[in-house]
Amino acid sequence: MRIRTASDHALLVEADDLDQAMRLNLAWEGVPGIVERIPGARTVLVRFDPLRVSASDLATALAATPIDTAHLPGTGEVTVPVRYDGEDLEEAASLLGVTAEELVNRHLAAHWRVAFSGFAPGFGYVVSSDPLFDVPRRASPRTRVPAGSVALAGEFTGVYPRESPGGWQLIGRTDAAMWDIDRDPPALLSPGTAVRFERVRDEARLDRTGGAQEPARRAVPQPSPVDAEGSGRGADAAVEVVRASLQLLVQDAGRSGYAALGVSASGVADRRAMRDANRAVGNTALAAVLESVGGVVLRFRGAGVAAVTGASGALTLEEAGGDVRPVAHGEPFATVDGDELTLAHPERGLRYVIAVRGGVDAVSALGSRAADTLAGLGPLALTAGTVLPIGDAGRYAVDPSVVARELPAPGDLVDLEITLGPRDDWFTTAAVETLTGQEWTVTPRSDRVGIRLQGQVPLERALGGEIPSEGAVTGAIQVPPDGQPVLFLPDHPLTGGYPIIGALTDRSLDLAGQLAPGVRLRFTVKESS
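Quick look at the structure, then. (Residues numbered from 1 in each chain as written. Predicted model: local features only at pLDDT ≥ 70, side-chain atom pairs only at ≥ 80, totals over all residues. Heavy atoms only, no water.)

### Re the pairing of strand β32 (residues 500-504)
Regular strands place side chains that alternate from one sheet face to the opposite one.
Then comes step 1: Among the 5 residues in β32, 5 count as buried, and that is most of the element.
Then comes step 2: Sheet topology note: the strand β25 (residues 413-420)/β32 ladder contains 3 bridges and is antiparallel. Residue pairing across strands places Leu420 opposite Gly502, the latter belonging to β32.
Then comes step 3: The sheet contact formed by strand β29 (residues 476-478) and β32 spans 3 bridges and is antiparallel. By the bridge assignment for β32, Ala476 is matched with Ala503. (Buried < 20%, exposed > 50% of the residue type's maximum accessible area, 1.4 Å probe, protein only. Helix = DSSP H or I, 4+ residues; strand = E, 2+ residues; numbered from the N terminus. Pairing = 2+ DSSP bridges.)

Structure below.
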C-alpha cells in the first residue's frame, strides 16, 4: 500500500483494489489515535488526532496491521424497485456499447453489493459482478439531481437520497427511502448489504414502494417551538428570530464518527468563535450556538446572558424599556424579557456566532444539533418567527477574556497554511507553483459546502481522467476541470472524484470559515517539523 498526506490530521492510504480497501478499513478498527475512517473505491482516508499519534507513527502502525483474508461480512439483502426511464439511459448504454434494454437487463441480473458510503447520508456505492458497468461521469455535472435518481459512475451504481448536485449518469428512479434517521440502520444501502434491483413498469406501484423523496429532511426533528403563553420552559428561556439573516443556523461541534453511514462531521464553521462565545457566557465549550451569515435581529424571552463573537460589526441591544445601547464584541451582556439584539451586516469576517447561557436547545440528530446543509441533517435554516428554547443554565464560570481577532474584510489579503497532497502529482509543476504563487479571490458562489476561488491562472492538470471516489477532509482544496479550486468547508461531501491538490492545516480552518466574497488569499505550504 502507499500512504499519502491528506492534511496535517489525515492520511490517504492507497489500496490495490476495492476489495483490499474494504479489508484495510475493517482491519484498522481500534487502532489508537484514529478518529474516523472513510473508505473509497481504491483508498481509505484515515483521520487522526495529532495530540495522540503522529502521522509517521500512525503510518507505521497502519502498514504493520495484518489484513484478514476471509470473506468480508455481509449485512443482509434489500430490494430496490426501479423505473428505468433516466435521462442518461440511452447515452450510458451507448458509452458501454450496448442497447438501453440490454443495459437494463444486465443491471437487473447482476449481483450487487454496497462497498462503502459517501457523498451524502444514505448514498451507497454499489458494485456488481458484471464487468460491463464502468461508465464515465458526465462531462458537465447537473446542479440538481432529483431525489431517488438511480445512477451509474465508474463501476458503481448509486441512488441519490435527496436532491443534490451530481455528475453521475441517470438511468432510472426509485421511491425507496435511502435514508431515514428513525430506521436502524438509517441507511438502506449500508456497507456490506447485498442489493437486488427490481424493474417496475407500473407508476402507481413505484409510488407505493418507499415513500419519502426527501427522507433526510422529513425524518429529522426540527427545533422545538415555545408557545406565546410560555408553557414548558416558557418565555423565561427562549430566543425568537425577529429578522433572519442570509443564513441563520443552529450549530455545535458536529457529529464525528458516522462516516460509515455517509455522514460528515459538519459543525460550526468557526470553532474558535464558538468556544469564545460559550466561554464568555459560562457554557461548556461545545454548547449549541447560532451561526449567522450577515445581520440578524433576535428577541430574548426571559432573563439571561448572551455574547457575540466571530464576524465584527455594529451590535446594539434595544431594551424592553426602549433604550438602545451598544454591545461589545466578545463580551457577555445581560438580557431581560423583550430585549432585542440587532447585528448589522459584518464589517469584517462573514459569520457571527451568538451564544446564550444554557445553550440553544434544538433537537439533536445523531448526537448533534449541527445543521448540515448538504446532507439535510439537523435543524433547518431558521426563519422569522422561529422560537428556540434555551437549555438549563446551571452554574458556570464566566470567562469574558476573549482574545481579539482581526478578521479580513472584502479586498483584504490573508495567508492560509496548507499541506500538499494527496493528489498534487496529478498537476504540473507549474500548477503547484501557481497554487502558492498567485492570489486567489473568494467568489460569491461560496457556502458552507465550499468556497469557490478565482485565480488569474487556472491550475493545469498533468494527468487526465477521473479519480475513483475517495475521501476528503474539511479544508481540502479540490480542483474541478476548469482549474479553479474549491476549498471545502464543514458541509462538504465525504467523497469525490476530482483531485485534491492540498488541504488547509487545522489552525487555518477557522479563518477559512470567515472569508467573505471579495477577500483575497494566498496559500503557503507548511514547513516540515
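Structure's up, so let's keep going.
### Some remarks on the pattern of salt bridges
Then comes step 1: Across all of its chains, the model carries 35 salt bridges by this definition.
Then comes step 2: Among the salt bridges present, the one from Asp506 reaches Arg271, with a minimum N-O distance of 3.0 Å. A residue pair is termed long-range when its members are at least 10 positions apart, and Asp506 in helix α9 (residues 506-512) and Arg271 in helix α7 (residues 271-281) qualify at 235 residues.
Then comes step 3: The exposure class of Asp506 is partly exposed, given its relative accessible area of 33%.
Then comes step 4: For Arg271, a relative accessible area of 26% gives the class partly exposed.
Then comes step 5: Residue Arg325 is joined to Glu319 by a salt bridge in which the shortest nitrogen-to-oxygen separation is 2.8 Å.
Then comes step 6: On the accessibility criterion, Glu319 (26% relative accessible area) is partly exposed.
Then comes step 7: Via salt bridges that share partners, Arg4, Glu14, Arg423, Asp425 and Glu470 belong to a single interconnected network. (Salt bridge = Lys/Arg side-chain N within 4 Å of Asp/Glu carboxyl O.)

### Some thoughts on the side chain of Asp270
Then comes step 1: If you trace the backbone, Asp270 turns up in the loop between β15 (247-251) and α7.
Then comes step 2: In terms of polar contacts, Asp270 uses its side chain to reach the backbone amide nitrogen of Ala273, at 3.1 Å.
Then comes step 3: Of the polar contacts made by the side chain of Asp270, one reaches the side chain of Gln514; its length is 2.8 Å.
Then comes step 4: In contact with Asp270, not counting residues within four places along its chain, are Glu291, Gly310, Arg405, Asp510 and Gln514. (Polar contact = N/O pair within 3.5 Å; in protein donor to acceptor, adjacent residues only side chain to side chain. Contact = heavy atoms within 4.5 Å.)

### A look at the packing of helix α3 (residues 89-96) against helix α4 (residues 100-109)
Then comes step 1: Their axes nearest at 8 Å, the elements α3 and α4 cross at an angle of 85 degrees. Looking at the two axes, α3 sits roughly perpendicular to α4. In this structure, α3 contributes Leu89, Glu90, Ala92, Ala93 and Leu96 to the contact, and α4 contributes Ala100, Leu103 and Val104.
Then comes step 2: Considering only residue class, the contact of α3 with α4 consists of 7 nonpolar, no polar and 1 charged. (Axes fitted to C-alpha atoms, helices over the stretch in contact; angles between N-to-C directions. Parallel < 35°, antiparallel > 145°, perpendicular 65-115°, else oblique. Nonpolar A, V, L, I, M, F, W, Y, C, P; charged D, E, K, R; others polar.)

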